[in-house]
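Chain residues, written in single-letter form:
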Amino acid sequence: MKPFKLLTPESLTQALAMFWGSEGKAAALGGGTELLNLIRTSLSDPGVIIDLKSLKRLRGVRSSRSGVAIGATTQLSELSPQCRPLQPFAALTQAAAAVGTPQIRNRATLGGNLCQRPRCLYLRSGFDCWKSGGTQCPARHGESSGLAILGAERTSCLAVHPSDPAVALSVFDTRVKLVSASGSRLVPLAQFLAPHESDAGRDTVLRSDELVTEVRIASPRPGTRSAYVKVADRAAFSFALASAAAACVMDRGMLRHVRLALGGVAGAPWRARVAEEALQGRKLTPARLESAARAELAAARHLERNGYKVDLAIGALQEAVERAVGGRL
Ligand SMILES: Cc1cc2nc3c(=O)[nH]c(=O)nc-3n(C[C@H](O)[C@H](O)[C@H](O)COP(=O)(O)OP(=O)(O)OC[C@H]3O[C@@H](n4cnc5c(N)ncnc54)[C@H](O)[C@@H]3O)c2cc1C
Ligand code: SF4
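The notes below deal with the structure included here.

**A word on the side chain of Arg259**
With respect to the helices and strands, the residue Arg259 is situated in strand β11 (residues 254-263). Here Asp173 takes part through its side chain, which lies 2.7 Å from a polar atom of the side chain of Arg259. If sequence neighbours within four positions are ignored, Arg259 has contacts with Ser170, Val171, Phe172, Asp173, Ala245, Ala246, Ala247, Arg271 and Glu276.

Okay, structure coming up:
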C-alpha cells in the first residue's frame, strides 16, 4: 500500500478547503470498508485521505415537512426500522439490513455505499478495462455470470451496480446533495449514478472537489407501502444476484401508484417502468403481476453465463410487490 496523508477536518468548511487544496488527489473516508480495498488493489491512489467521520453535521437522520435527510456519514446500521423518520421508507431499511454483515453495516456509511465501485472480478484483479481507464471489457467473453442483463447494449462496461440501498432509494424521490468549496447542487439519484458514457471509468457524477453531504428523500404519497427483496447466493456476505424494490399505494385491490426498481441486473438501479405502466391504476392479481414482471424483463439480453438472472429478477419483482402490499393478492 502506498503511503498517504490522513487529514481530520473539524468542520465541513475545513474539509471542503482541504479537497479544494488537494487538486484532485484527495479521497473522502467514510467507514473505509471500500476505500481501503480500492487502495490495496491499486484502484485508488489518493495522496491525501480526508476523514469525514468527525463531522457531526454529516451524520444522522433528520425529518422535515418535505421528507427526510440522511447525513452522508450515517452508518447503514442506523437506517433501521426503529429510526422513526425512516418508517415510511421500509424498502430502504430492509435494503440497509441486507448489506453484507453486521460488522460491515456498523462501519459502512450511506455516502460511501453510493460511491462504491463495481465488484467485477476483472476490475478488482487488476485487468485493463473501461473502468480502470482502458478501452476493453475482458468480462464480456470471460466470466460473465455477474454481469448486467438490462441496458447492456448502451454501455461499454457490463458490471452491475453493487449497492442494495441505491435500489431501494430508486423507488422514492431521492436526491443526493453534493457540496464543494464553490457551491452545492442537488442531483436526482438516477443522475448521480449515471456519468456520461464518454466517462466510462467513473461510476458517479461526483467531481473530485465535491463531497456527498446528504441524501434527501421526499415524503412518499399517503398510504405508500414499500419493500425490498434481495436474491443472493448466501444470506449474508454476498452482493445481490438480483434484487427488487417496490413502493405502492393500494386502494380496494387497485394499485393507485406504483414505483419499481431492479438491482443486480444493470450498471445502475433499473427503474422497471414497463412493469409500472402495466400495473398502474389496475387491479392487482397474481397473473397481472407476473405478466408485468415478464414484460419488464423482455428487453433482457444475456451472455453465456448470466441468463439465470432473468428469472431471478422476474421473481424478485413479483415478491417485492407482494410484500409491499402485505401479501394481499
Ligand atoms: C465483505 C463485504 C460485503 C459487502 N456486501 C454488500 C452488500 O451486500 N450490499 C451492498 O450494498 N454493499 C455491500 N458491500 C459494500 C459496502 O456496503 C461498502 O463498502 C460501504 O457501504 C462503503 O461505505 P464506507 O463508508 O465504508 O465507504 P468508504 O470505504 O469510506 O468509501 C467508499 C468510496 O466512497 C468515497 N466516499 C465515501 N464517503 C464519501 C462522501 N461523503 N462523499 C464523497 N465520496 C465519499 C470514498 O472516497 C471511496 O471512494 C460490502 C462490502 C464488503 C467489504
Ligand atoms: S464489466 Fe466493466 S468493470 Fe468488468 S471488466 Fe468489463 S469494463 Fe471492466
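Don't stop here, the text continues.
**Quick word on the nonpolar core**
By size, the foremost hydrophobic cluster in this structure holds 36 residues, and its most contacted members are Leu86, Leu92, Leu114, Leu169, Phe192 and Ile217. Put simply, the parts of the chain that give this core at least two residues each are β5 (67-71), α3 (90-97), α5 (110-114), α7 (164-169), β6 (174-180), α8 (189-192), β8 (211-218) and β10 (242-251). The contact partners of Phe192, leaving out residues within four places of it in the chain, are Leu114, Cys115, Val176, Leu178, Val187, Asp203, Thr204, Val205, Leu206 and Val212. Counting 34 residues, the second-largest nonpolar core is a separate cluster that includes Ala244, Ala246, Ala293 and Val310.

**Section: the pairing of β10**
Each regular strand displays side chains that alternate between the two surfaces of the sheet. With nine of ten residues buried, β10 is to be regarded as a mostly interior element. Sheet topology places strand β9 (residues 225-231) next to β10; seven bridges connect them, and they run antiparallel. When the sheet's bridge partners are listed, Tyr228 is paired in β10 with Ala245. When β10 meets β11, the two strands line up antiparallel, connected through nine bridges. Residue pairing in the sheet places Ser243 in a bridge with Gly263 of β11. Between β10 and the antiparallel strand that follows it, β11, lie two residues; Arg252 among them carries a positive phi value of about 45 degrees.

**Digging into the packing of helix α10 (residues 286-297) against helix α11 (residues 308-324)**
Where α10 meets α11, the axes come as close as 9 Å, and the angle between the chain directions of the two elements is 140 degrees. In terms of axis orientation, α10 runs oblique to α11. α10 and α11 meet at a crossing whose hand is right-handed. For the pair α10 and α11, the contacting residues are Leu289, Glu290, Ala293, Arg294, Glu296 and Leu297 in the first and Val310, Asp311, Ala313, Ile314, Leu317, Gln318, Val321 and Glu322 in the second. Along the lines of polarity and charge, the residues of the contact of α10 with α11 split into eight nonpolar, one polar and five charged.

**Some details on the sheet that holds strand β4 (residues 61-64)**
The five strands lie next to each other as β4-β5-β8-β6-β7, forming an open sheet whose pairing is antiparallel. The strands lining the two open edges of the sheet, one partner per strand, are β4 and β7 (183-188). Going across the sheet, the axis of each strand differs from the next one's by a mean of 25 degrees, ignoring polarity. Here β4 pairs with β5 via four bridges, running antiparallel. The residue bridging Val61 from the neighbouring strand is Ile70, located in β5.

Conventions used here
Residues numbered from 1 in each chain as written. Chains lettered and ligands numbered in written order. Predicted model: local features only at pLDDT ≥ 70, side-chain atom pairs only at ≥ 80, totals over all residues. Heavy atoms only, no water. Helix = DSSP H or I, 4+ residues; strand = E, 2+ residues; numbered from the N terminus. Polar contact = N/O pair within 3.5 Å; in protein donor to acceptor, adjacent residues only side chain to side chain. Contact = heavy atoms within 4.5 Å. Core = buried A, V, L, I, M, F, W, Y, C linked by side-chain atoms within 4.5 Å. Buried < 20%, exposed > 50% of the residue type's maximum accessible area, 1.4 Å probe, protein only. Pairing = 2+ DSSP bridges. Axes fitted to C-alpha atoms, helices over the stretch in contact; angles between N-to-C directions. Parallel < 35°, antiparallel > 145°, perpendicular 65-115°, else oblique. Left-handed = near helix turned anticlockwise from the far one by under 90°. Nonpolar A, V, L, I, M, F, W, Y, C, P; charged D, E, K, R; others polar.

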